[in-house]
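So you can see what is in the structure, the chains are spelled out below.
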Amino acid sequence: MTVPISWYLMLAALLFAIGTVGALTRRNGISIFLSIELMLNAANLTLVAFSRQMGDRTGQLIVFFVMAVAAAEAAVGLALFIAVFRSRHTIDVNRLNLMGK
Amino acid sequence: MEKLIFLIFAAVAVGSSLVVVIHKSPVYATMSLVLTLFSVAVLFVLLGAPFLGALQILIYAGAIVVLFLFVIMLLNLQKSDAERSRGGLGVAAVGALIFLGMIGLVFWRTGREAPPPLTEDFVSLKGLSAALFSDYLLPFEIVGLLLLVAVIGATVAARKAPQPGEGGASSLLPREDFVVEETHKEARS
Amino acid sequence: MNPEILATLAKYAVMFGVFINVAPIMNWVERRACAYIQDRPGPNRVGPLGLFQPLADAAKFMFKEDVTPAAADKLLYLMAPVLALLPAFTTFVIIPFGPDLTVAGRTIPLVVAPVDTGVLLFLALSSLAVYSLVLAGYASNNKFSLIGGIRASAQLISYELALTLSVLAVLLPVNSFRLADIVAYQQAHVWNFIPQVLGFVVFLIASFAETNRLPFDLPEAESELIAGFHTEYSAMRFAAFFQAEYTNMAALAALGVTLFFGGWSLPGVHLTGWLGAVVGLVTLVAKIAVCMAVFVWVRWTFPRFRYDQLMRLGWKVLLPLSILNLILVAAMTLAGWL
């Protein structure tokens with residue numbers, strides 16, 4: 001009755017792929033950021049799944065640190081978006097191009 | 001029973017993540033991300049990590065995504081119409097499919113047999129915190145320092161540029177008025 | 001059906017029955033208490049002492065016209081009241097309401113969800129309350145609602161920190177996140193509000209702010225910003241916000257009495273079995289009622305905080321105090337006093 005771990009890994013791979021498509025194709029900076037959070041979650045899921053398979057709690061602890069780092073990254077990234085928006089009045093990544101037209 | 005719960009929440013996670021990357025409105029994408037995070041938290045609990053599930057909701061859904069929502073409202077982002085670069089979607093989709101194929105092949109070969117049954121020690125909070133504060137004490141302290149640096153960095157990065165007359169630190173003081181900034185100006189090309 | 005699932009459903013039904021009646025009872029209590037404090041009669045027409053006033057209010061809500069702003073974002077506008085009810089009706093699953101019950105050879109802990117991460121789950125689910133405020137403010141397509149929504153959510157996330165740290169201090173001597181263990185600790189020692197006065201005061205103030213109650217109700221005050229984030233909501237949707245607010249208050253009050261006042265236990269009383277369970281439930285409900293009475297009393301006594309005063313209090317006063325409390329409790333636990 002237990003779910004085999006490969007199911008969780010496939011789900012995580014699918015979420016990562018969807019997040020990658022989102023990060024590569026969106027023009028809105030915030031949407032890219034949301035896709036990156038999705039990818040981080042897929043990685044977390046993989047870590048916890050393998051931690052369950054191995055019976056070793058290291059995976060869970062790494063996820064703990066990944067969550068903290070993701071929070072820090074989100075805070076700094078969004079602060080940068082606010083700063084960029086103040087000077088350029090847009091966060092469309094196609095228009096935030098200082099090097100050539 | 002466990003398979004049923006997994007299938008339901010996996011379907012919800014995939015569906016809402018598709019909404020996150022497809023929907024034009026940033027607020028809808030953010031709320032779908034909350035749904036995805038919630039489903040992943042349930043999957044964490046199924047995998048024998050209830051503490052991580054609670055932390056996922058507390059940190060990700062309860063703080064990080066709220067931060068996203070604040071910034072979206074502060075910058076007054078509207079739904080954008082021509083959201084995607086033409087042709088970019090095709091290339092990215094092909095790349096993602098190749099990636100999925102490769103990773104899927106690797107993952108499908110591992111973990112075919114059932115995982116060992118969950119022991120009380122594995123799931124318990126005591127075991128996790130014992131490991132956290134003994135083997136992983138140094139990363140724990142470093143993460144604390146990282147969060148401090150992030151707070152300082154975010155505060156400095158988001159402040160208004162100091163006027164020529166003001167000093168550097170006075171721009172960090174709170175202003176007297178706390179209304180939502182009217183940063184919505186006409187977009188300049 | 002699996003007896004475990006049956007037991008869980010029965011326990012949830014009991015807790016749900018308690019918490020769904022909070023809103024109508026509090027409606028009456030609030031209006032009569034407010035009238036008493038303001039030296040006027042209050043509702044006394046509908047039934048003796050105005051006791052059927054909540055029924056009349058419910059009928060009014062059902063028959064009132066449901067107005068939706070034309071330019072509102074429909075899905076988010078409709079989702080916000082539902083999202084308000086979600087944390088209200090899921091957070092109380094970790095509150096114990098009696099000693100362990102032995103039925104047909106099985107020991108059933110009288111908690112709907114006896115998980116290892118008890119208090120953390122409460123804090124996690126109650127942090128989801130921010131979404132209903134923000135979405136209500138955003139989706140109403142109204143400047144006042146938006147400002148009210150943003151202020152409300154900024155207030156909530158600021159006071160969440162002080163709340164969490166004051167709760168954490170209670171957990172230090174107990175070595176467990178489970179509320180049942182905390183109640184057992186308080187039965188063995190003294191009720192937690194005596195050794196941890198500072199933590200209790202911080203928790204009390206933070207819980208006023210978390211539930212948007214006066215003196216922290218600037219986001220929804222009637223004289224400020226029209227009605228704040230729920231300006232554009234009428235009839236049943238407003239009733240949903242109303243119900244969510246009172247249920248949230250009751251859930252937080254339940255957490256507070258379990259952490260600081262011994263929960264379902266009375267000092268010196270050690271009943272078991274069904275009698276113990278009933279006495280435990282009645283004691284818990286009585287303590288929650290006292291806590292709600294304090295909420296009402298404070299509401300009609302103090303004036304409202306201005307927004308910058310509110311933020312200053314949360315970040316510059318309560319957060320350092322809660323950290324100080326944490327250090328003090330840690331020192332006392334190490335010294336063996338707790």
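The structure presented is a predicted model; accordingly, all values stated were derived computationally and were not measured.

Visitor: Got a minute to help me understand the overall build of chain C in this structure?
Guide: Across its full length, chain C holds twelve helices and two strands. Against the 2.2 N^0.38 benchmark of 20 Å for 338 residues, chain C shows a C-alpha radius of gyration of 21 Å, consistent with a compact globule. Looking at chain C as a whole, 46% of its 338 residues are labelled buried. For chain C, restricting intrachain contacts to residue pairs at least 6 apart in sequence, the fraction spanning at least 24 positions comes to 78%.

Visitor: Sorry if this is basic, but what is going on with the overall build of chain B here?
Guide: Each helix and strand counted, chain B has seven helices and zero strands in total. Tracing chain B from N to C terminus, the helices and strands come up as α-α-α-α-α-α-α. Counting all 189 residues of chain B, 29% fall into the buried class. Within chain B, residue pairs in contact and separated by at least 24 positions form 50% of the contacts whose partners lie at least 6 positions apart.

Visitor: Even after reading the chapter, I still don't get the interface of chain A and chain B, so can you show me in this structure?
Guide: A common way to report how large an interface is uses the accessible area buried once the components associate. Counting residues at the interface gives 64 residues for chain A and 76 residues for chain B. Of all the secondary-structure elements, those providing two or more residues to the side of chain A that touches chain B are α1 (5–25), α2 (29–54) and α3 (58–88) of chain A. No other element matches α3(A), which puts 22 residues into the side of chain A that touches chain B. Counted by class, the side of chain A that touches chain B contains 42 nonpolar, 16 polar and six charged residues.

Visitor: Where do I start with the interface of chain B and chain C in this structure?
Guide: With 17 residues of chain B at the contact, the number on the chain C side is 22 residues. Across the side of chain B that touches chain C, the residue classes tally to 15 nonpolar, two polar and no charged.

Visitor: How do you make sense of the environment of C:A162 when you look at a structure like this?
Guide: All names here are of chain C. Residue position: A162 is located in helix α7 (residues 143–174). When the 27 C-beta atoms within 10 Å are taken as the criterion, A162 is described as buried. Considered as a pair, A162 and W274 are 112 residues apart in the sequence and their alpha carbons are 38 Å apart. Beyond its immediate stretch of four places on either side in the chain, A162 contacts V202, A206, G314, L318, L319 and S322.

Visitor: Whenever I open this one, the environment of C:G336 confuses me. Can you help?
Guide: Residue and element names in this part refer to chain C. By the secondary structure assignment, G336 is in the segment after α12 (307–335). Taking the C-beta count within 10 Å as the criterion, G336 has 7 such neighbours and is therefore assigned exposed. Considering only alpha carbons, one finds G336 and P173, 163 residues apart in sequence, at a separation of 9.1 Å.

Visitor: I would appreciate a short explanation of the arrangement of the chains in the present structure.
Guide: Of all two pairs of chains that touch, the greatest number of contacts is found between chains A and B. Of all C-alpha pairs spanning chain A and chain C, none lies closer than 14 Å, and the two are not in contact.

Visitor: When you look at the packing of α2(A) against helix α1 (residues 2–22) of chain B in this model, what are you seeing that I'm missing?
Guide: A packed helix pair is summarised by two numbers, namely the angle formed by the two axes and the spacing between the axes. Where α2(A) meets α1(B), the closest approach of the two axes is 9 Å, and the angle between their N-to-C directions is 155 degrees. In this view, α2(A) runs roughly antiparallel relative to α1(B), as classed from their interaxial angle. The two elements α2(A) and α1(B) meet at a crossing, and its hand is left-handed. On the side of α2(A), the interface is formed by A:L34, A:S35 and A:L38, while α1(B) contributes B:S17, B:V20 and B:V21. Classifying every residue of the contact of α2(A) with α1(B) by side-chain character gives four nonpolar, two polar and no charged.

Visitor: Got a minute to help me understand helix α8 (residues 179–188) of chain C in this structure?
Guide: Each α-helix winds once per 3.6 residues, and so residues spaced three or four apart point in a common direction. Residues and elements named next belong to chain C. Three or more residues of α8 are buried, namely L179, A180, I182, V183 and Q186. Angular distribution of buried residues about the axis of α8 spans 160 degrees; they occupy a single face of the element. Looking at the buried residues of α8, the elements they touch are α5 (118–126), α7 and α10 (235–260).

Visitor: What exactly am I supposed to notice about the nonpolar core here?
Guide: By size, the foremost hydrophobic cluster in this structure holds 174 residues, and its most contacted members are A:A12 and C:A254. Among the elements that take part in this core, helix α3 (residues 50–74) of chain B stands out by supplying 16 residues, more than any other.

Visitor: What is the right way to look at unusual backbone geometry in this model?
Guide: Residues apart from glycine generally show negative phi values, whereas peptide bonds are mostly found in trans. A positive phi angle is found at C:L49, which is not glycine, with a value near 60 degrees. The topology assignment puts C:L49 in the loop between α2 (22–37) and α3 (53–63).

Visitor: I'm lost on the environment of C:N27 in this one. Help?
Guide: Residue and element names in this part refer to chain C. Note on placement: N27 falls in helix α2. According to the C-beta neighbour criterion, N27 is partly exposed, with 18 such atoms within 10 Å. As a C-alpha pair, N27 and D57 span 30 residues in sequence and 9.1 Å in three-dimensional space.

Visitor: Got a minute to help me understand the confidence of the model for chain B in this structure?
Guide: Residues shown with low pLDDT carry predicted positions that ought not to be read at fine detail. All names here are of chain B. Confidence in the prediction for chain B averages 81 pLDDT; 79% of positions are at 70 or higher. Confidence scores differ between elements of chain B, with helix α5 (residues 120–123) showing the lowest mean pLDDT of 75 and helix α2 (residues 26–46) the highest of 94. Below pLDDT 50 for its whole length, residues 176–189 participates in 17 contacts with residues either more than four positions away or in separate chains.

Visitor: Would you explain the packing of α1(A) against α2(A) in this entry?
Guide: Residues and elements named next belong to chain A. Closest axis-to-axis distance for the α1/α2 pair is 8 Å, and the angle between their directions is 165 degrees. Here α1 is positioned roughly antiparallel relative to α2, judged by the angle of their axes. Between α1 and α2 lies a crossing of left-handed hand. For the contact of α1 with α2, the per-class residue count stands at 16 nonpolar, eight polar and one charged.

Reading the values: rules and limits
- Residues numbered from 1 in each chain as written.
- Chains lettered and ligands numbered in written order.
- Predicted model: local features only at pLDDT ≥ 70, side-chain atom pairs only at ≥ 80, totals over all residues.
- Helix = DSSP H or I, 4+ residues; strand = E, 2+ residues; numbered from the N terminus.
- Rg over C-alpha atoms; globule rule 2.2 N^0.38 Å.
- Buried ≥ 20, exposed ≤ 12 C-beta atoms within 10 Å, placed from the backbone.
- Contact = placed C-beta atoms within 7 Å.
- Nonpolar A, V, L, I, M, F, W, Y, C, P; charged D, E, K, R; others polar.
- Axes fitted to C-alpha atoms, helices over the stretch in contact; angles between N-to-C directions.
- Parallel < 35°, antiparallel > 145°, perpendicular 65-115°, else oblique.
- Left-handed = near helix turned anticlockwise from the far one by under 90°.
- Arc of directions from axis to C-beta.
- Core = buried A, V, L, I, M, F, W, Y, C linked by C-beta atoms within 7 Å.
- pLDDT = per-residue confidence, 0-100.

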